[in-house]
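Overview (structure and organization)
So the chains spell out like this:
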Amino acid sequence: MTVPTPFGVRIAGTGSSVPDGVLTNADLESMVDTSDEWIVKRTGIRERRICDRAAGEGAFGLECDAIRKALDAAEMDPGELDLLIVGSLTSEMRCPSNACRISEAIGAAPAGAFDLNAACCGYVYSLNIAESLIRSGRHRAIGVIGCDVLSPYIDYEERTVSILFGDAAGAAVLVRDDEHPERGCIYQKIEANGSGWESLYMPRREEDIPPNAPPTEVRLGNLRMNGREVYKFAVKKFQEVIEDALESTGLGVDDISQFICHQSNIRIIQSAKEKIGLPDEKVYINIDKYGNSSAGSVALCLDQVTRAGKINPGDHVVIVAFGAGMTWASSVWKM
Ligand code: UT7
């Protein structure tokens, strides 16, 4: 639980950005041995957005666009940010971080800037850390971006991974709120367990591949996944983290206005909905249009839900994600 402070934290603005390129299930039918019917039934995905690398599209461009929109929504100047955190595993370069380049591009320098890799949990980890830094009194305004452009790391000749992922970015600007100490993240969890890492990984070299790894046609450098293992982990973990968030805060489902969940597979979200008893209108779904955009997923959802007017000041919102690592995270907000 958050230790009370004489000030709160407010999400002053959100933004998001997706590429124009659409990869439909029909497109995939012509690329791999799959069908629209199988993909919709097993995942809920109908289409996803994909960057056009030849046209120079990538994570950096989407991230700049998303944070600029978030700053516009907050009616803030980039120079007011004192820190920028980018949750992503797909920054264009290992060095420097995309955060440093974005800070310079939008005019936020000399704000501190770093990338954070927690796979699909990158945005929720970053959001929690940013909120905690403002609570500490050391920072006043932090830009948080969640983005992944996994399309360059997907083997589009292999059917299990290629159907799932899309590219997207979302951003939020968090500010210290001296008027409303009750606002902000009231409970958060960031956790990980590396024991199942080989269920979802991106080996660069032969040495990275564990000796017991099942044979695969996925090329080195691309994302490899044991779908069934990830699925089992996710179904259990989603239920656990949502129940933990409710029990720890003493809030009931009726007290929450929105549950914002990582869009990994519609069946994973449905399972948590059924087991916990979450009503349809409180669980935002956009996986049909965007697929799983990894660290971009929750960030995109939060922006879309906010712009749709589904979150009002004073509302409680539960945000949850899980991802490679394995990682998982929750964030309960009083908006
Ligand atoms: O952010 C975290 C990232 N990852 C995830 O969240 C993934 C979690 N896992 C999943 O979403 C699901 O496991 C998948 C969607 C990846 C797969 O669905 P599934 O219901 O677990 O399918 P399965 O792996 O058990 O395979 C069932 C059948 C198999 O055929 P047989 O052995 O029954 O003949 C597969 O070969 O479906 C086959 N299959 C496909 N068929 C058509 C697997 N992929 C495809 C495909 N199209 N794309």
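Residues numbered from 1 in each chain as written. Predicted model: local features only at pLDDT ≥ 70, side-chain atom pairs only at ≥ 80, totals over all residues. Heavy atoms only, no water.

As for the side chain of Asn 98
Of note, Asn 98 is situated in helix H4 (residues 98–106). According to the relative accessible area criterion, Asn 98 is buried, its value standing at 0%. Here the side chain of Asn 98 touches Glu 92 through a polar contact of 2.9 Å, side chain to side chain. When residues no more than four places from it in sequence are discounted, the contact partners of Asn 98 are Ala 59, Phe 60, Glu 63, Ser 91, Glu 92, Met 93 and Asp 115. (Helix = DSSP H or I, 4+ residues; strand = E, 2+ residues; numbered from the N terminus. Buried < 20%, exposed > 50% of the residue type's maximum accessible area, 1.4 Å probe, protein only. Polar contact = N/O pair within 3.5 Å; in protein donor to acceptor, adjacent residues only side chain to side chain. Contact = heavy atoms within 4.5 Å.)

Concerning the site of the ligand
Looking at the ligand, there are 23 residues lining it, with Thr 34, Arg 42, Arg 228, Asn 265 and Arg 267 nearest. One of the side-chain nitrogen or oxygen atoms of Trp 38 is found 3.4 Å away from an oxygen atom of the ligand. Contact between the ligand and Arg 228: an oxygen atom at 2.6 Å from a side-chain N or O atom of the residue. Most atoms of the ligand, that is more than half of them, are within 2 Å of grid points of the second largest pocket. Of all elements in the fold, only helix H2 (36–43), helix H6 (159–162) and helix H7 (227–249) reach the threshold of two or more residues within the shell around the ligand. At four residues, H7 tops the list of elements feeding residues into the shell around the ligand. When its residues are assigned to classes, the shell around the ligand shows ten nonpolar, eight polar and five charged. (Near = heavy atom within 4 Å. 1 Å grid on protein atoms, 1.4 Å probe; cavity = no way out; pocket = protein on both sides within 12 Å on 5 of 7 lines; lining within 4 Å. Sits in = over half its atoms within 2 Å of the grid points. Nonpolar A, V, L, I, M, F, W, Y, C, P; charged D, E, K, R; others polar.)

Section: the packing of aromatic side chains
Here the structure, examined in full by the defined rule, presents four aromatic pairs. Ring geometry for Trp 197 against Tyr 201: centres 5.2 Å apart, planes inclined by 90°, an arrangement best described as edge-to-face. Trp 197 gets classed as partly exposed once you look at its relative accessible area, which sits at 36%. An aromatic cluster of three or more residues is present, and its members are Phe 233, Phe 238, Phe 322 and Trp 328. Above the face of the Trp 328 ring, Lys 237 is positioned so that its terminal group lies 3.8 Å from the ring centre. (Phe/Tyr/Trp six-rings, centres within 6.5 Å; stacked < 30°, edge-to-face > 60°. Lys NZ or Arg CZ within 6 Å of the ring centre and 35° of its normal.)

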